Amino acid sequence: MVDGRLVTKKLLLSRGRPHNSVASETQTRSKGDRPMTPEQRRESEIIEKIGAILSRHIVPLFIDRPDGKPQSFGTGFLVSANASSFLISAGHVFDEIREGREVYFYVEPKTKLHLSSHLHLTTIPEGEDRDRDVLDVGVLKFRDPHLPPYPAVNKWPLDIGSLSPYALPREGKTYFILGFPGSKGQGDPKKRKTESKVYSFRNFAHPTERYKKFDVKPESHIAIMFSRKQSVGPDGKPRLFPNPEGMSGSPVWLLPDELEALNDPKHIPIVGVAIKHLKYQRTILATDIGEALNMIRAFQRISNADAVLKGYRTVIPEDRAEGIRTKYHPGQHTLDELQIMIKDEITTAITEVEESWIKIANTAIANEREACAMIADEMKAELNQPPEKLQYGRTQIEVAKRIAKEIRARSNQESPIDYALRRMKERS
């Protein structure tokens, strides 16, 4: 069994000596080996510390290579909302699950959590592939019993309140990306271990007018300046940043302007999901976190729909409930519209019940003339007619009315629909 060890390291220095802390790459547009000012050094140290804290919320995602060895190929981050937990990443990363491959991460040093297909993904344009999906975001909902946190590997979910959608404008702000480059995920067959190294960088977003070159808009995306060759390490010296392939799905944090605010992760919201490295444009492209939030809300609406349907379990058969789930689309329908769907189904269900009772009564009348006479006797006073003058058709109608009346009497004089609604409220 492979031991999935999560290692956080700085960029390798010129002598190849690793350090036991998170990478904090500083992107810069200036060239040369300029010495850092005391303020810059202090800022770098704070970023390094905050990076170590934030790395607890991200996980490297693996698939197995043909030789059976784990290969880090993407990054995801853990988010919790009420009692539910989610994994957010890039859509093309989750596509591996849709295509039938086993995608996993380690929840203990020797325990893999294989991801389910309980997913929401942004839509691929008809007739195209994921490369043509400019949003390229996905959300996976965890199912019992494998919910985070995972203390054995120091992985903890962020509260959904840490996600800040549509934080405009983009220009002039500093962004921080933390992820797992696939080139730095090393396997050791002898020791049966795999190490995943965390790397990060920070830089400004492109000016608004440049977004047209990327065929996106600032309202939906964040275009962050990035050059592997023009990076500097925490010591202020130029360093070559690793190939960022494998950092797809990394969270994009918005850094505050005030240096002191960096000491508190609450002041560092997630505003995007990294989806693409535009090598020749020297850019990391990220989709606004609002897309992922919409997917989480869709999951929550589905959960709400199931909760509402559960309240009607005594009056709606499961096959009809499944029909409602099929018709109900969270992105298109509100919960009020769901209530209308359910109310219509209740009306249909009760009508069918009444019709079945009428059919039973009709069968009894047709096959048992004695039963017909008994019913006629019971209704004599009400109809004020001799039994022998009751017509067959009139008897059927009156039997149906009496059955409907009895149904209403059993539900405290309420209509069947109102009765069902009240029962649901009492149970909730």
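Residues numbered from 1 in each chain as written. Predicted model: local features only at pLDDT ≥ 70, side-chain atom pairs only at ≥ 80, totals over all residues. Heavy atoms only, no water.

A closer look at the nonpolar core
Phase 1 of the analysis: The biggest cluster of nonpolar side chains holds 53 residues, and the ones touching the most others in it are Leu 87, Ile 88, Phe 105 and Leu 115.
Phase 2 of the analysis: Formed by 23 residues, the second largest nonpolar core is a distinct cluster that contains Val 216, Ile 224, Phe 241 and Val 252. (Core = buried A, V, L, I, M, F, W, Y, C linked by side-chain atoms within 4.5 Å. Buried < 20%, exposed > 50% of the residue type's maximum accessible area, 1.4 Å probe, protein only.)

Digging into the packing of aromatic side chains
Phase 1 of the analysis: Under the criterion given, the structure shown has 12 aromatic pairs.
Phase 2 of the analysis: Aromatic side chains Phe 62 and Tyr 106 sit 5.5 Å apart centroid to centroid with 80° between the ring planes, which places their arrangement in the edge-to-face category. Taken together, the residues span a long stretch of sequence, with Phe 62 in strand E3 (residues 58–64) and Tyr 106 in strand E6 (residues 104–108) at a distance of 44 residues.
Phase 3 of the analysis: The buried category is assigned to Tyr 106, whose relative accessible area is 3%.
Phase 4 of the analysis: Centre to centre, the rings of Phe 105 and Phe 142 are 6.3 Å apart; their planes meet at 80°, and the pair counts as edge-to-face. Placement of Phe 105 in strand E6 and of Phe 142 in the loop between strand E9 (137–141) and strand E10 (158–159) is noted, with a sequence separation of 37 residues between them. As far as burial versus exposure is concerned, Phe 105 and Phe 142 are alike and both buried.
Phase 5 of the analysis: Three or more aromatic residues joined by ring pairs form one cluster here, namely Tyr 199, Phe 201, Phe 226 and Phe 241.
Phase 6 of the analysis: The aromatic ring of Tyr 104 is capped on one face by Lys 112, whose charged end is 4.4 Å from the ring centroid. (Phe/Tyr/Trp six-rings, centres within 6.5 Å; stacked < 30°, edge-to-face > 60°. Helix = DSSP H or I, 4+ residues; strand = E, 2+ residues; numbered from the N terminus. Lys NZ or Arg CZ within 6 Å of the ring centre and 35° of its normal.)

Description of the layout of surface pockets
Phase 1 of the analysis: When its volume is computed, the second largest pocket comes out at roughly 480 Å³.
Phase 2 of the analysis: Lining the second largest pocket are 25 residues, with His 92, Pro 244, Glu 245, Gly 246 and Ser 248 sitting closest to its centre.
Phase 3 of the analysis: Of all elements in the fold, only strand E4 (70–81), helix H2 (91–98) and strand E18 (270–278) reach the threshold of two or more residues within the lining of the second largest pocket.
Phase 4 of the analysis: Counting residues per element, the lining of the second largest pocket draws most heavily on E18, which supplies four residues.
Phase 5 of the analysis: Along the lines of polarity and charge, the residues of the lining of the second largest pocket split into nine nonpolar, nine polar and seven charged. (1 Å grid on protein atoms, 1.4 Å probe; cavity = no way out; pocket = protein on both sides within 12 Å on 5 of 7 lines; lining within 4 Å. Points joined across faces, edges and corners; volume = space filled by probe spheres on them. Nonpolar A, V, L, I, M, F, W, Y, C, P; charged D, E, K, R; others polar.)

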